[in-house]
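A look at the structure
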Amino acid sequence: MKAYSSARDEFQGEAEIFMDANENPYPSPYNRYPDPLQLKVKEKLSFIKGVDVSQTFLGNGSDEAIDLLIRAFCEPHEDSIVITDPTYGMYAVCANVNAVDFNTVALDENFDLDIEAFPPLDNAALKLIFVCSPNNPTGNLMSRDRIIFLLENFKGLVVVDEAYIDFTESKSFTTELARYSNLVVLQTFSKAWGLAGLRLGMCFASREIIAILNKIKYPYNVNISTQELALEALENVEKTKSWVQEIILERERLSKDLSALSLTQIVYPSEANFLLVKVEDAPSIYRRLMEQGIIVRDRSNVKLCNSCLRITVGTPHENDRLVNALKKLSIR
Ligand SMILES: Cc1ncc(COP(=O)(O)O)c(C=O)c1O
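Let us look at the structure shown here. (Residues numbered from 1 in each chain as written. Predicted model: local features only at pLDDT ≥ 70, side-chain atom pairs only at ≥ 80, totals over all residues. Heavy atoms only, no water.)

With respect to the overall build of the protein chain
- Scanning the protein chain from N- to C-terminus turns up 10 helices and 11 strands.
- The globule rule puts the C-alpha radius of gyration for 332 residues at 20 Å, and the 22 Å found for the protein chain is close to it.
- In terms of overall dimensions, the protein chain has a C-alpha envelope of 70 × 50 × 30 Å along the principal axes.
- Out of the 332 residues belonging to the protein chain, those deemed buried represent 50%.
- Within the protein chain, contacts between residues at least 6 apart in sequence are counted, and of these 66% link residues at least 24 apart.
- A total accessible area of about 16900 Å² is found for the protein chain, and carbon and sulfur atoms account for 50% of it.
- Each charge class in the protein chain was averaged separately, 35 positive and 46 negative side chains, and the resulting centres sit 4 Å apart. (Helix = DSSP H or I, 4+ residues; strand = E, 2+ residues; numbered from the N terminus. Rg over C-alpha atoms; globule rule 2.2 N^0.38 Å. Buried < 20%, exposed > 50% of the residue type's maximum accessible area, 1.4 Å probe, protein only. Contact = heavy atoms within 4.5 Å. Areas by Shrake-Rupley, 256 points an atom, 1.4 Å probe, with all protein chains shown as cover. Lys, Arg positive; Asp, Glu negative; His and termini not counted. Charge placed at Lys NZ, Arg CZ, Asp CG, Glu CD.)

Take a look at the structure:
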């Protein structure tokens, strides 16, 4: 397939007069198309993440990368992917939108990968395995050696979604990119970086895989203001680090406070910026918190999450409000 060749693909660099892209010549901060390959952002990122620019794809959220990976590597109505259950919902949605079958493999009783339960890894129609680590909504990391097992025994791509990696001490799988050509790592600016509204996601993989994603993406998939604001955030890594530290401290405090409530059955350990909490009657608690203006996520219909709420760690004040509201519910 021949990729679309945009004006900015055909000429890069500085010039006095641009008459090549049918833009409006009058001053406006956004009269020009953005850099299609976001090189300034990638160069800065490469310095921070230690991954080469040629091995980095940026998209309109990591959701874009999830969709493009399925579109690029799966034949509709023929190929399939594997996702775990429970996990982040967009893998199944993107598979459905692209008419690609998905096999769900239940996590084990520790919410870890259950390798024995996987379908045969040598099935030629199986093209992608999505592993979310730390996992949404369970909050735990998947065992590193089980992910390595998949990388070593599966010829298709293993996509490790690290949306929540900044909230754990564990090292990123980007450190394994040189060893495994079938590894794809997803990260995002939506969580630790505090930029969910900008829509910017990262995908790290071999240069060959990244070249394919760049070939099929929309030409200008990341707009100018997103690129500029992301660069600004990358210049200010210390701010992100201090938010992350605060969120981790609050996660531990919130976990303790929630554990002490009589309506709480289990607060699962978390390596992310949320807690999965098993309570007496999740739908009712969800509704009663909502009546007090506090919105959490009711996950009680999700596999292995029976009667669970997923609670994003807030500011100290927000966490206190939540705990006080729940205390009142416990007394009633
Ligand atoms: C595991 C996981 N991956 C990806 C995303 C989406 O990230 P983005 O905002 O970059 O599209 C989320 C958002 O909740 C998530 O939980």
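Next comes the rest of the description.
With respect to the environment of Asp 298
- Mapped onto the elements of the fold, Asp 298 is located in strand 10 (residues 297-298).
- In sequence terms Asp 298 and Ala 282 are 16 residues apart; their C-alpha atoms lie 6.4 Å from each other.
- For Asp 298, the contacting residues outside a window of four places in its chain are Ala 282, Pro 283, Tyr 286, Cys 308 and Leu 309.
- Within the local environment of Asp 298, its side chain forms a polar contact with the side chain of Ser 300, the two groups lying 2.5 Å apart. (Polar contact = N/O pair within 3.5 Å; in protein donor to acceptor, adjacent residues only side chain to side chain.)

Details of the sheet that holds strand 7 (residues 201-204)
- In spatial order, the strands read 1-7-6-5-4-2-3; together these seven strands make up an open sheet with mixed pairing. Of all strands in the sheet, those bounded by a partner on one side alone are strand 1 (56-59) and strand 3 (101-106). The mean inter-strand angle of the sheet, taken between neighbouring strand axes irrespective of direction, is 25°.
- As defined by bridge partners, strand 2 (residues 80-85) adjoins strand 4 (residues 126-132) across three bridges and the pair is classed as parallel. Paired with Val 82 across the bridge in strand 4 is Ile 129.
- Sitting on the sheet, helix 5 (residues 144-153) touches strand 4, strand 5 (157-161) and strand 6 (183-188), and the angle it makes with strand 5 is about 155°. (Pairing = 2+ DSSP bridges. Axes fitted to C-alpha atoms, helices over the stretch in contact; angles between N-to-C directions.)

A look at the site of the ligand
- The ligand sits among 13 residues. The nearest are Ser 62, Asp 161, Tyr 164, Thr 188 and Ser 190.
- Tyr 164 places a polar side-chain atom, nitrogen or oxygen, 2.7 Å from an oxygen atom of the ligand.
- Contact with the protein chains covers 92% of the free accessible surface of the ligand, which is 400 Å².
- A per-class count over the shell around the ligand returns four nonpolar, five polar and four charged. (Near = heavy atom within 4 Å. Nonpolar A, V, L, I, M, F, W, Y, C, P; charged D, E, K, R; others polar.)

Remarks on the pattern of salt bridges
- The final tally for this structure, using the stated rule, is 15 salt bridges.
- Across the pair Arg 179 and Glu 176 runs a salt bridge whose closest N-O atoms are separated by 3.5 Å.
- Classification of Arg 179 as exposed rests on a relative accessible area of 59%.
- Salt-bridge contacts for Lys 241 lead to Glu 238; the nearest nitrogen and oxygen are separated by 3.9 Å. (Salt bridge = Lys/Arg side-chain N within 4 Å of Asp/Glu carboxyl O.)

Some thoughts on helix 4 (residues 90-97)
- Looking at helix 4, one finds that the buried residues are Tyr 91, Ala 92, Cys 94 and Ala 95. Seen from one end, helix 4 has its buried residues packed into an arc of 165°, which puts them on one side. Exposed and oriented more than 90 degrees from the buried face of helix 4 are Asn 96 and Val 97.
- In the core, the buried residues of helix 4 are packed alongside helix 3 (62-73), strand 2, strand 3, strand 4 and strand 5. (Arc of directions from axis to C-beta.)

The quantities given are spatial measurements derived from coordinates; they are silent on function.
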